[in-house]
Each structure stands twice: as structure tokens, then as C-alpha cells.
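Architecture at a glance
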Amino acid sequence: MEQKNRMEGKNSSLNDSRLERLQSINFRWAKRKGQASWDEKFSELVGYKNRYGNCHVPTKYKDNTALGRWVSTQRAEYKKYQEGAAKTSMNYDKIQRLEGIGFAWFMAL
């Protein structure tokens, strides 16, 4: 977060000296989440569909627990989007892409 603040010109405790010290030990910054991360999980979902013929990834999918959580999150974000929530990562483009591969927004129990 401090690196992000610094890069955006906001107040940050990451001053030049601290940054240099981190760089001197080849510090690796955490990958920023966002569209690239979403695209990566979407590709994993496409792979799941190719293997199993559907997008019904269990929430606790043992072969890829992160994918199971991601699918669950997409459904939750879609619900917020449908309700008009101001804070949601879901958007029209993501909905179109997911529906394009046969993603089910609601799972029958």
C-alpha cells in the first residue's frame, strides 16, 4: 500500500532511504490485484470448463481452492452489481465474458 501511495504521489512512509534499502535486498512487491488477476482466474475457469464441460466449480474445489473462491466471489459481486451497489468489482464486460462461456450465476442446491 505504501508503494502504491508513493507511486501515486500521495503521503507515504516509504521514503527514498527505505525504498533504496528494500531495493538493495531485491525486495519483491506483492502483485497488484485487478484486471490481470481477474483474467488469470478467468483463464483457469475456461480450463476447468474444457476439462469438465461446465463452469460449476465447487467453492472448496480441492484441485484449485483459489479458483473455487474466485467463482464464489464472482457470484457475490454479480449480486451486488444487480442491486446497484456502488462498490463492486463486477462490470458489464466481465458479465459478458462469463456468460459467454456458460457461467451460471445461481447454483441450484
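Residues numbered from 1 in each chain as written. Predicted model: local features only at pLDDT ≥ 70, side-chain atom pairs only at ≥ 80, totals over all residues. Heavy atoms only, no water.

Examining the packing of helix H4 (residues 65-82) against helix H5 (residues 92-100)
Selection rule: An axis is simply a line fitted to the C-alpha atoms; with a helix, the fit covers only the stretch in contact. Between two such axes, the angle follows the N-to-C directions and lies from 0 to 180 degrees. By the criteria applied, helices consist of DSSP H or I runs no shorter than four residues and strands consist of E runs no shorter than two, each listed in order from the N terminus. The scheme is simple: roughly parallel for angles under 35 degrees, roughly antiparallel for over 145, roughly perpendicular for 65 to 115, oblique for anything else. Here is the rule for handedness: rotate from the far helix to the near one, and if that takes an anticlockwise turn smaller than a right angle the crossing is left-handed, while a clockwise turn gives right-handed. Any two residues whose heavy atoms approach within 4.5 Å are treated as being in contact.
Across the interface, H4 lies against H5 with an axial gap of 11 Å and an inter-helix angle of 130 degrees. Here H4 is positioned oblique relative to H5, judged by the angle of their axes. Helix-helix and strand crossings are classified by hand; for H4 and H5 the assignment is left-handed. Two secondary-structure elements touch here, H4 through Trp70, Gln74, Tyr78 and Tyr81 and H5 through Tyr92, Ile95, Leu98 and Glu99.

Observations concerning the side chain of Arg75
Keep this limit in mind: Burial classification: accessible surface area is computed with a 1.4 Å probe over protein chains only, and a residue below 20% of its type maximum counts as buried, one above 50% as exposed, and the rest as partly exposed. The charge count treats Lys and Arg as positive and Asp and Glu as negative. His and the chain ends do not count. We define a salt bridge as a contact between a side-chain nitrogen of Lys or Arg and a carboxyl oxygen of Asp or Glu at a distance within 4 Å.
Relative to the elements of secondary structure, Arg75 occurs in helix H4. Buried charge Arg75 goes without a salt bridge, the closest partner of opposite sign being Glu99 at 11 Å. Other than its neighbours up to four places away in sequence, Arg75 contacts Cys55, Phe103, Ala104, Trp105, Phe106 and Met107.

Structural notes on the packing of aromatic side chains
Rule in force here: Stacked, tilted and edge-to-face are the three classes assigned to paired rings of Phe, Tyr and Trp, where Trp is represented by its six-membered ring and a pair needs centres within 6.5 Å; plane angles under 30 degrees give stacked, over 60 edge-to-face, the rest tilted.
For the structure on display, the rule yields eight aromatic pairs. Ring geometry for Trp38 against Phe42: centres 5.3 Å apart, planes inclined by 10 degrees, an arrangement best described as stacked. You can see Trp38 and its partner Phe42 sitting in helix H3 (residues 35-52), four residues apart, about one turn around the helix. Judged by relative accessible area, Trp38 falls into the buried class, the value being 5%. Look at Phe42 and you get buried, because its relative accessible area is 10%. Each ring, one from Tyr48 and one from Tyr52, has its centre 4.6 Å from the other, and the planes form 40 degrees; the classification is tilted. Of this pair, Tyr48 and Tyr52 both sit in helix H3, four residues apart, which is roughly one turn of the helix.

Observations concerning the environment of Cys55
Among the structural elements, Cys55 can be located in the loop between H3 and H4. For the pair Cys55 and Ser12, spaced 43 residues apart in the sequence, the C-alpha separation amounts to 42 Å. Filtering out sequence-adjacent residues up to four positions away, Cys55 remains in contact with Leu45, Tyr48, Lys49, Arg75, Ile101, Gly102 and Phe103.

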